[in-house]
Amino acid sequence: MGAEGLRAGTEMVVEEKASEMSSTVPKSSNIFWHDCAVGKADRQKLLKQKGCVVWITGLSGSGKSTLACTLGRELHTRGKLAYVLDGDNLRHGLNKDLGFKAEDRVENIRRVGEVAKLFADAGLVCIASLISPYRRDREACRALLSDGSFVEVFLNMSLELCEARDPKGLYKLARAGKIKGFTGIDDPYEAPLNCEIEIKEVDGVCPTPSDTAGQVVTYLAEKGFLHE
Ligand SMILES: Nc1ncnc2c1ncn2[C@@H]1O[C@H](COP(=O)(O)OS(=O)(=O)O)[C@@H](OP(=O)(O)O)[C@H]1O
Ligand SMILES: Nc1ncnc2c1ncn2[C@@H]1O[C@H](COP(=O)(O)OP(=O)(O)O)[C@@H](O)[C@H]1O
């Protein structure tokens, strides 16, 4: 095969691989996918686990960060490598240029979805905890992962409960009109329609973080993510 034929063939493979790996068509042209000799399967073998994303969604105060950390610790104790991507924390760095208007939230979720996908590709259990209020954006993150490796956990706590907790005093500020566009008050939260795990209050009592983390660990184990 001449140099031209080889180049065309290589570009075709590169385009196929890139479209498999990326969510959107890149803006830049003349970019090429470069594969490495060590792949996801090799990393999973090394770690004795399978990469996946546990995506925790819910209102502010619903317990996302608490669950993310409890789950992270539980997996660590079991010798499984996990990493928490917390919305609040990421807004101090990667997403510090973003606010809370709709388009910023969309971009926030898109970026975290892509980062989570990289962590899963690295072979880790990536725990993402963000309000992620728009269904479409969560579904777009789900679509980035291969079948079954996006596990959506919905902390379905009532606004009343979250507002009563109000650990940061943000609901109080939102009610006083000092924060505009606060999720659940004057900005929407779209509940998942088909999440893998839904956590609800039972007789007004919320399951403990430890019980919920246990439920997620059981799910991950049953689906085969905690062994190679
Ligand atoms: N307007 C408004 N609406 C909702 N939340 C607000 C807002 N302003 C600040 N905060 C604080 O930001 C945290 C949510 O960040 P996220 O990145 O998870 O939000 S989102 O997914 O982009 O909607 C959220 O943290 P959590 O309480 O842990 O959910 C709040 O502390
Ligand atoms: N399962 C739970 N039961 C009782 N209180 C909880 C539970 N999970 C979290 N909390 C408390 O609720 C508040 C909000 O939790 P947090 O994890 O910060 O929520 P979010 O990240 O969704 O804003 C905190 O004071 C936390 O200690």
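These figures come from a predicted structure and were not determined experimentally. (Residues numbered from 1 in each chain as written. Chains lettered and ligands numbered in written order. Predicted model: local features only at pLDDT ≥ 70, side-chain atom pairs only at ≥ 80, totals over all residues. Heavy atoms only, no water.)

Chemist: How would you explain the site of ligand 2 if you had to name every residue and give the values?
Modeler: The local shell around ligand 2 holds 14 residues, among which Gly61, Lys64, Ser65, Thr66 and Pro207 are the closest. Note that an oxygen atom of ligand 2 is positioned 2.7 Å from one of the backbone N or O atoms of Gly61. In this structure, an oxygen atom belonging to ligand 2 sits 2.9 Å away from a side-chain N or O atom of Ser65. Within the complex, the protein chains bury 70% of what would otherwise be the 560 Å² of accessible surface of ligand 2. If you map ligand 2 onto the pockets, it falls in the largest pocket. Take the shell around ligand 2: its biggest share by element is 3 residues, from helix H3 (residues 64-77). Residues belonging to the shell around ligand 2 are distributed by class as follows: 5 nonpolar, 7 polar and 2 charged. (Near = heavy atom within 4 Å. Polar contact = N/O pair within 3.5 Å; in protein donor to acceptor, adjacent residues only side chain to side chain. Areas by Shrake-Rupley, 256 points an atom, 1.4 Å probe, with all protein chains shown as cover. 1 Å grid on protein atoms, 1.4 Å probe; cavity = no way out; pocket = protein on both sides within 12 Å on 5 of 7 lines; lining within 4 Å. Sits in = over half its atoms within 2 Å of the grid points. Helix = DSSP H or I, 4+ residues; strand = E, 2+ residues; numbered from the N terminus. Nonpolar A, V, L, I, M, F, W, Y, C, P; charged D, E, K, R; others polar.)

Chemist: I'd like to hear about the packing of H3 against helix H9 (residues 209-222), residue by residue, with values.
Modeler: Following both chains from N to C, one finds H3 and H9 inclined at 55°, their axes separated by 9 Å at the closest point. Between H3 and H9, the angle falls in the class oblique. Where H3 crosses over H9, the two elements pack in a sense that is right-handed. Of the residues in H9, those in contact with Thr66, Leu67, Thr70, Leu71, Glu74 and Leu75 of H3 are Pro209, Ser210, Thr212, Ala213, Val216, Val217 and Leu220. A breakdown of the residues in the contact of H3 with H9 according to their chemical character gives 8 nonpolar, 4 polar and 1 charged. (Axes fitted to C-alpha atoms, helices over the stretch in contact; angles between N-to-C directions. Parallel < 35°, antiparallel > 145°, perpendicular 65-115°, else oblique. Left-handed = near helix turned anticlockwise from the far one by under 90°. Contact = heavy atoms within 4.5 Å.)

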